[in-house]
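# Remarks on the overall topology
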Amino acid sequence: MAEEIEQRLTSERDINMDKDESESSDYAEMWIELFLGRKGHEYFCEVDSDYITDRFNLINLQRSVSKFTQVVQYIVDELDESTLENMPRQRLEQLEKDARKFYGLIHARYIITVKGLQKMLIKYKDADFGRCLRVYCNFQPLLPVGLHDVPGEDCVKLYCPSCEDLYNPKSSRHASIDGAYFGTSFPGMFLQAYPEMTPKHPVKRYVPKIFGFELHKQAQLSRWQELQRLKLVKKLEDKKVDLNKSGGYKLLEG
Amino acid sequence: MSTEYIDNNSRSSDEDSGTYDEWIPSFCSRFGHEYFCRVPTDFIEDDFNMTSLAQEVPHYRKALDLILDLEDVSDDESQGQNSYDQDGDHNMESSKEKDNKGKTQIVNRSIIEHAAEQLYGLIHARFILTKQGLQAMAEKFDHKQFGTCPRYYCNGMQLLPCGLSDTIGKHTVRLYCPSCQDLYLPQSSRFLCLEGAYWGTSFPGVFLKHFKELEDYVERKGKESYQLKVFGFKIADQAISGQRMKWLRQYPSTEEEWDEFAKCEFELPQP
C-alpha cells in the first residue's frame with residue numbers, strides 16, 4: 001500500500017516536473033516509429049499521440065507500469081533529453097521495457113476505436129497478420145486476438161474469420177507477443193464494424209481415404225458435423241437470415 | 001530373379017558398406033526434401049513394386065538406373081550392357097532404348113535427373129504404405145519433421161503429409177492433422193511446391209489405421225473450440241459475424257447427440 005502511494009506521489013511529481021519543461025525536443029526518429037519498425041512488430045499499428053496523451057484513455061493503466069507519466073512522455077517523445085541523459089542505464093532499460101508494455105496496452109484499446117479499426121482494416125487487407133493455413137480457407141487473412149486482457153498470461157493468437165478458429169502465428173517472433181496487446185474483443189469488434197469483411201464460410205472438408213474409400217469413423221463424424229450445420233442453417237433460415245451474402249456458406253462447386 | 005540382380009547387389013554392397021546407394025541419400029538430404037524418407041534399394045529393385053510406373057515416368061530405365069546409381073558405373077561397358085539386358089525381359093521400352101542407344105545418350109542429364117525425381121517420388125508414395133515405410137514415416141512423425149498443427153487447440157499435434165491426387169502435376173503436398181482432422185498448407189514456403197502425389201492420397205488413412213494408438217490418443221485429447229466474443233459477450237447467431245462454423249470442431253457429447261451420431265453411420269439423415 002505504502003509503495004502504491006509513493007508511486008502515485010512520484011508520478012504526480014513527474015507531472016509537475018514535466019509541466020515546466022514542456023518544450024519537445026527534436027529526435028531523429030520518433031519512438032513509435034522505431035517501435036513499429038522493429039522486427040516482429042508488424043502486427044502493431046500506429047497509435048495517435050493525441051490518443052496516448054488523453055488521460056481519459058489511460059484510465060486503469062496507471063498502475064501497469066512504474067513512473068507512468070514519464071513512460072507516456074517517453075512514448076510520445078516529449079521527455080526532455082537532459083532527463084534521459086542523466087538517467088542511469090538500468091533505469092533507461094526499464095523505461096524502454098515499460099514503454100513497450102504500455103504501448104501494447106494502449107494499442108489494445110486504440111484498435112477498437114473507429115480510427116484504430118480503420119488502420120487495422122488496411123493491415124488486414126494487406127494480410128499483415130498472415131493468412132489461414134487451412135486448405136479450404138483459401139488464404140483467408142487473419143486477425144490478431146488475445147485470450148486474456150491482462151498482460152503476461154498468454155501470447156497473441158490469430159483468428160480466422162473463415163473457419164472461425166484460432167491459430168498460432170507462423171513466426172516465433174510474432175508468437176512471443178503478449179496477447180493483451182490486442183485484446184480479446186478485437187476480432188469481434190472488427191467484424192461488427194466491417195460486416196462485409198466476413199467471408200463466406202467454406203463447407204468443403206477433408207475425410208482421409210485409403211485407395212479412394214473413406215475411413216469409416218472419420219466419415220461418420222463428418223456426416224454428423226454436416227448434420228449439425230444443416231440444423232443451424234434451418235434455424236437461421238427460420239430467423240430470416242440471408243445465407244447467400246457474406247457470413248453465409250460457400251457451398252461446394254458444382 | 002536373374003543372376004545379374006544378385007551380381008549387382010553384391011557389387012554395390014561391396015562398394016559402399018550401407019544398404020543405400022548414393023543418389024537416394026543425397027536426394028533426401030537436399031534442402032526442402034525433409035518430408036521424404038529413404039526408400040531401400042531392395043524395394044526399388046523388386047520389379048513387382050514398380051508395376052506400371054514405366055508408363056507414368058519418361059525415360060523410366062535411365063531414371064531408375066540413376067536412382068540405383070547404376071548409371072555412373074556403366075562407363076564400364078560390359079556392366080552397362082548387363083543392366084540393359086536384364087531389363088529387356090520385363091520392359092518393352094528398354095529394348096527400344098537399346099536400339100537407339102546412341103540417341104538416348106544425348107538426352108540431357110538434367111531431364112533424366114528430373115525423371116528420376118518423379119520416379120523416386122512415385123516409388124516413395126508406394127513405399128510409405130508398406131510396414132517398413134510406415135515405420136520410417138512414424139519416426140519422422142515423432143520428430144515433428146512434418147511440422148505441427150497451426151491450430152491453437154491442437155496443442156502442437158504433429159502433422160502427416162498427404163496428397164490430394166495420385167497423379168503428378170495436380171496438387172502440391174498438404175498436411176493432415178489427426179487431431180482436428182483438417183488439412184493445412186505447410187508453414188514453410190520451401191515445402192509449398194512439393195508434389196502431393198509423392199505421398200499419395202492414402203497415406204494418412206493407412207498411417208492412422210496402422211498406428212491405432214494415435215487415434216486413441218487423439219480421442220482422449222481435449223475438444224475445446226473457440227468462440228468469438230466482444231467484452232465477454234457472445235455474438236448473436238443472426239449477426240453476419242455470428243458463429244457459423246461451430247459444427248466443424250464439434251463432437252457428440254450428450255446422449256442425444258450420440259444417438260444422432262449413430263444414425264450417421266452410413267448416410268446423412270434428414271435434419
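Residues numbered from 1 in each chain as written. Chains lettered and ligands numbered in written order. Predicted model: local features only at pLDDT ≥ 70, side-chain atom pairs only at ≥ 80, totals over all residues.

Quick look at the overall build of chain A now. For chain A, the helix and strand inventory stands at ten helices and seven strands. Here chain A, with 254 residues, has 33% of them falling under the buried criterion. If you take every contact in chain A between residues at least 6 apart in sequence, the share linking residues at least 24 apart comes to 66%. (Helix = DSSP H or I, 4+ residues; strand = E, 2+ residues; numbered from the N terminus. Buried ≥ 20, exposed ≤ 12 C-beta atoms within 10 Å, placed from the backbone. Contact = placed C-beta atoms within 7 Å.)

Quick reminder: α-helices carry 3.6 residues per turn. Residues three or four places apart thus point the same way. Residue and element names in this part refer to chain A. Taking 1.5 Å of rise per residue, the twelve residues of helix α7 (residues 114–125) would be expected to cover 16 Å, and the 17 Å separating its terminal C-alpha atoms lies within 8% of that figure. In this structure, the buried residues of α7 make contact with α6 (89–110), β1 (143–145) and α9 (186–193). With its phi angle positive at about 55°, A127 sits one or two positions after the end of α7. (Expected span 1.5 Å × (residues − 1).)

The next subject is the sheet that holds strand β2 (residues 174–177) of chain B. Residue and element names in this part refer to chain B. What the three strands build is an open sheet, ordered β1-β2-β3; its pairing is antiparallel. Where the open sheet ends on each side, the last strands, each with one partner, are β1 (160–162) and β3 (182–184). Within this sheet the neighbouring strands show an average axis-to-axis angle of 40°, counted without direction. Here β2 pairs with β3 via three bridges, running antiparallel. Of the residues in β3, the one forming a bridge with Y176 is L183. Along the sheet face, helix α11 (residues 203–210) touches β1 and β2 and points at about 145° away from the line of β1. (Pairing = 2+ DSSP bridges. Axes fitted to C-alpha atoms, helices over the stretch in contact; angles between N-to-C directions.)

Now for the sheet that holds strand β3 (residues 165–167) of chain A. Residues and elements named next belong to chain A. As summarised here, the arrangement of the three strands in space is β1-β2-β3, forming an open sheet in which the pairing is antiparallel. The open sheet has two edge strands with one neighbour each: β1 and β3. With strand direction ignored, the average angle separating the axes of adjacent strands in the sheet is 40°. As judged from the three bridges shared by β1 and strand β2 (residues 157–160), these two strands associate in the antiparallel manner. Bridge assignment links V145 to a residue of β2, and that residue is K157. Docked against the sheet, α9 engages β1 and β2, running at close to 140° with respect to β1.

Attention shifts here to the domain arrangement of chain B. Domain boundaries assigned for chain B yield domain 1 (23–72 + 108–220) and domain 2 (229–265). Averaged C-alpha coordinates put domain 1 of chain B and domain 2 of chain B at centres separated by 36 Å. (Domains from an automatic or database assignment.)

As a further point, take the domain arrangement of chain A. All names here are of chain A. Each domain of chain A was delimited in the assignment, giving domain 1 (31–117), domain 2 (130–197) and domain 3 (209–239). Using C-alpha coordinates to define each centre, domain 1 is positioned 23 Å away from domain 2. Between domain 1 and domain 2, the contact holds eleven residues from the first and 16 residues from the second. A per-element tally of the side of domain 1 that touches domain 2 places α6 first, with five residues. Partitioned by chemical class, the residues of the side of domain 1 that touches domain 2 number six nonpolar, three polar and two charged. (Nonpolar A, V, L, I, M, F, W, Y, C, P; charged D, E, K, R; others polar.)

Residues and elements named next belong to chain A. As a packed pair, helix α4 (residues 68–75) and α6 sit with axes 9 Å apart at the nearest point and diverge in direction by 80°. If you check the angle between α4 and α6, you find them roughly perpendicular. Residues Q70, V71, Y74 and I75 of α4 touch α6, and the partners they reach there are L95, D98, A99, F102 and Y103. Taken together, the residues that form the contact of α4 with α6 break down as seven nonpolar, one polar and one charged. (Parallel < 35°, antiparallel > 145°, perpendicular 65-115°, else oblique.)

A separate point is the interface of chain A and chain B. Contact residues are listed per partner, giving 45 residues for chain A and 43 residues for chain B. When contributions to the side of chain A that touches chain B are tallied by element, the ones reaching two or more residues are β3, α9, β5 (209–210) and α10 (216–238) of chain A. Looking at the side of chain A that touches chain B residue by residue, the class counts come to 20 nonpolar, 13 polar and twelve charged.

Attention now moves to the confidence of the model for chain B. Residue and element names in this part refer to chain B. Predicted confidence across chain B gives a mean pLDDT of 83, with 78% of residues reaching 70 or more. Low confidence marks residues 1–17, where pLDDT is under 50. Its contacts with residues over four positions away, or in another chain, come to six contacts. In this model residues 73–99 is a low-confidence stretch, pLDDT under 50, and it forms 26 contacts with partners more than four residues away in sequence or in other chains. Taken over the whole predicted complex, pTM reads 0.82, whereas the ipTM for its chain interfaces reads 0.82. (pLDDT = per-residue confidence, 0-100.)

Right, let's get into the nonpolar core. Across soluble globular proteins, you tend to see nonpolar side chains buried next to one another. Counting 104 residues, the largest nonpolar core has A:V71, A:I75, A:L143, B:A63, B:I67, B:L119 and B:Y184 as the members making the most contacts within it. In contact with A:I75, not counting residues within four places along its chain, are A:W31, A:I32, A:I52, A:A99, A:F102 and A:Y103. (Core = buried A, V, L, I, M, F, W, Y, C linked by C-beta atoms within 7 Å.)

This part takes up the packing of helix α5 (residues 60–67) of chain B against helix α9 (residues 109–127) of chain B. Residue and element names in this part refer to chain B. Packing of α5 against α9 brings their axes to within 8 Å, and their N-to-C directions diverge by 80°. By the angle between their directions, the pair α5 and α9 is classed as roughly perpendicular. On α9, the residues touching Y60, K62, A63, L64, L66 and I67 of α5 are I112, E113, A115, A116, L119 and Y120. Of the residues that constitute the contact of α5 with α9, the class distribution is ten nonpolar, no polar and two charged.

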